[in-house]
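Take a look at the letters that make up each chain.
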Amino acid sequence: LPQDDLVAYVLGGAAIAALLICTISALLLRLRLGSALKADPRFDSSEALSQRDVPAGIILRESGVPPFFSVSISRVFTNPGVESPTHIIFGSQGHETRHLLDTVRFPHRGIWELSGLSITLRDALGLTSLSWRLECPASIEVSPPLIPIRPLPIVAGSARAGDQLQ
């Protein structure tokens with residue numbers, strides 16, 4: 001039947017056109033975000049302790065994402081082991097400057113360097129996904145956790161082996 005071929009042609013053409021439009025709009029949005037997006041990561045604690053939640057955040061400027069798209073942002077540290085959440089920004093109008101607040105947990109003491117942010121742009125249908133890295137170095141000095149220590153008993157100089165300590 002010739003009309004069956006026509007229906008298949010129209011549906012196939014519409015699917016290919018939708019995929020092309022989605023891909024082209026994602027590439028254009030990636031170019032715009034890649035050149036305009038500015039990030040300022042920060043750590044809000046002067047006394048950061050390992051194995052504890054450290055208040056942190058990211059300030060994004062020029063972060064407008066159109067509807068039907070989302071951007072996921074995660075921190076990339078030079079050393080592995082840091083527990084840091086991934087932020088997902090869904091498309092909407094406005095919101096050019098965003099303040100993303102969260103906490104970060106470091107596994108041990110040391111100077112932890114943030115090398116940048118990993119950014120992934122996705123469309124709502126899951127047809128396109130573009131990833132890139134935004135360089136924004138930062139660092140934080142993390143101290144060891146505070147461990148309560150029981151005081152040692154005072155031993156008199158006249159004590160002998162086998163005496164009870166109080």
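This structure is a prediction, so every number in the text was calculated from the model and none was measured.

Chemist: A description of the overall build of the chain should follow, citing residues and the corresponding values.
Modeler: A count of helices and strands for the chain gives one helix and eight strands. Along the chain, helices (α) and strands (β) appear in the sequence α-β-β-β-β-β-β-β-β when read from the amino end. Against the 2.2 N^0.38 benchmark of 15 Å for 166 residues, the chain shows a C-alpha radius of gyration of 27 Å, more extended than a compact globule. Taking the principal axes of the C-alpha coordinates as reference, the chain spans close to 110 × 40 × 25 Å.

Chemist: Hey, could you go over the pattern of salt bridges for me, with residue numbers and the actual values?
Modeler: When the charged atoms of two side chains with opposite charge come close together, those side chains can pair. Applying the stated criterion across every chain yields a total of four salt bridges. One salt bridge in this structure joins Asp-53 and Arg-105, with 3.1 Å as the shortest N-O distance. Note that Asp-53 is positioned in strand β3 (residues 53–61) and Arg-105 in strand β6 (residues 98–105), a separation of 52 residues in sequence. Its relative accessible area of 48% is what places Asp-53 among the partly exposed residues. A salt bridge links Arg-133 to Glu-135, with the shortest nitrogen-to-oxygen separation between them at 4.0 Å.

Chemist: How would you sum up the pairing of β3? Please name residues and give values.
Modeler: Note that strand β1 (residues 38–43) and β3 share six bridges and pair antiparallel. The residue bridging Phe-43 from the neighbouring strand is Ala-56, located in β3. Bridging between β3 and β6 involves eight bridges; their strand directions are antiparallel. The residue bridging Ile-59 from the neighbouring strand is His-99, located in β6.

The rules we used
- Residues numbered from 1 in each chain as written.
- Predicted model: local features only at pLDDT ≥ 70, side-chain atom pairs only at ≥ 80, totals over all residues.
- Heavy atoms only, no water.
- Helix = DSSP H or I, 4+ residues; strand = E, 2+ residues; numbered from the N terminus.
- Rg over C-alpha atoms; globule rule 2.2 N^0.38 Å.
- Salt bridge = Lys/Arg side-chain N within 4 Å of Asp/Glu carboxyl O.
- Buried < 20%, exposed > 50% of the residue type's maximum accessible area, 1.4 Å probe, protein only.
- Pairing = 2+ DSSP bridges.

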